[in-house]
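Chain by chain, the residues run as shown.
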Amino acid sequence: MEYRKVRHQQDVMQMDFNPHLGTKRPRETKGGNSTVKRMMVDQGSSAEIMYYSLFQKLGKTYADLIPVPTHLVGLNVTPIWPLGRIRMPVTAGPRTVEVDFVVIDLPSTYNAIMGRTWLHVMKVVPSSYHQMLKFPFGEKVVEIRGDQAASKECFMAKAKQAGRIIMMEEEAPVLEEVGKESATKSMEELEKVQVTPESNGRYFLVGTSLPILEKESLIGMLKRNVSVFAWTPYEMPRVDPELTIHRLNVKPGFKLVIQKGRRSVVQHTEAVVKEVENLLEAKAIREVQYPE
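In this report, we go over the structure that sits alongside the text. (Residues numbered from 1 in each chain as written. Predicted model: local features only at pLDDT ≥ 70, side-chain atom pairs only at ≥ 80, totals over all residues. Heavy atoms only, no water.)

### With respect to a nonpolar patch on the surface
Heads up, the condition is: Candidate patch residues must exceed 30% relative accessible area and have no salt bridge, after which like charges are joined if within 9 Å and Val, Leu, Ile, Met, Phe, Trp or Tyr side chains if within 5 Å. Only the protein chains shown count as cover for residues, and the accessible areas themselves come from Shrake-Rupley with a 1.4 Å probe. Salt bridge criterion: a side-chain nitrogen from Lys or Arg within 4 Å of a carboxyl oxygen from Asp or Glu. Numbering of helices and strands runs from the N terminus; a helix is a DSSP stretch of H or I covering at least four residues, while a strand is a stretch of E covering at least two. For the exposure calls, accessible area comes from a 1.4 Å probe over protein chains only, and a residue counts as buried if that area is under 20% of its type's maximum, exposed if over 50%, partly exposed in between.
On the surface, V272, V276, L280 and I285 cluster together into a nonpolar patch covering about 300 Å² of accessible area. Among the structural elements, V276 can be located in helix α6 (residues 266-281). The partly exposed category is assigned to V276, whose relative accessible area is 35%.

Next up, the structure:
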């Protein structure tokens, strides 16, 4: 681990490569009073994951877990149901932050996976090519180098393990969810968040299992950008023709044929008239007069 004073913001982004550096000490972090090695940094993971083997070694029990009413996807062919969630302090270099880990019971060559949430909180710039993490701390830049030999061993072990995994497909009912309310389709409890006090029933649905800081950040982002949402089709006055456009495939020179009128029941006619008025008011359509 090295410290260097920041002269320019670009210093945080600069990497140097030396194959002899980073092989003396594996990448490690401290959780509580324990030093944990074989930590994988994955920018593609949206969650921080702790494997059950590490969970046991830290002396934790099921009583320390918070239920997680949702599953993880991307770790295997089928969704993985976590054992629960646990919050623990993690120290990397001179900085310590609270991290919400999702605990899963799967075989792995790694002890834990540090995902985007931790990277963003730490303001880390990772480089898998250089096997290095860099992040600002005060007026200095902290560098944490990984163990290239250990990284290669983990990769080879994972590759051999993948050859022994039996791939199974699980049929999932897709069409059964069509038409249901959002709250009934979700696998976790949802909380209604009103856009504004006078929003007239306009709200967002946010999962109750989200960490407090992540939930507050998400709600703040949604409220700041509420103008980009169209709550009904009539709130879209026009669509840019560069995006999509509809034209009648009519060949010039051919005589136009007037379609015969069709009779409908009163309820259908009223509904059509109301829909046309709404579309005209929203300027989604316009009336066109064709000569006889």
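### Here we look at the environment of Y110
Our working definition: Any two residues whose heavy atoms approach within 4.5 Å at even a single point are treated as in contact.
Inspection of the secondary structure puts Y110 in the loop between β7 (95-104) and β8 (112-114). A relative accessible area of 17% means that Y110 is categorised as buried. Along the primary structure Y110 and L54 are separated by 56 residues, whereas in three dimensions their C-alpha atoms are 9.2 Å apart. With residues near it in sequence (within four places) discarded, Y110 still touches R38, M39, M40, Y51 and C154.

### What to know about the packing of aromatic side chains
Put simply, the test is: Stacked, tilted and edge-to-face are the three classes applied to pairs of Phe, Tyr and Trp rings, where Trp contributes its six-membered ring and a pair requires centres within 6.5 Å; stacked means planes under 30 degrees apart, edge-to-face means over 60, and tilted covers the rest. Only Lys NZ and Arg CZ are tested; either one counts as a charge over a ring when it is within 6 Å of the ring centre and within 35 degrees of the ring normal.
One pass over the full model with this rule turns up 3 aromatic pairs. Ring geometry for Y52 versus F55: centroids 5.9 Å apart, planes at 25 degrees, classification stacked. With a gap of 3 residues between them, Y52 and F55 both fall in helix α1 (residues 52-57), about one helical turn apart. With a relative accessible area of 1%, F55 lands in the buried category. Their ring planes at 65 degrees and their centres at 5.3 Å tell us that F204 and F229 sit as a pair that is edge-to-face. Placement of F204 in strand β13 (residues 203-207) and of F229 in the loop between α5 (212-224) and α6 is noted, with a sequence separation of 25 residues between them. One aromatic cluster is present, built from ring pairs that chain together Y52, F55 and Y62. A cation sits over an aromatic face here: K192 above Y203, 4.5 Å from the ring centre.

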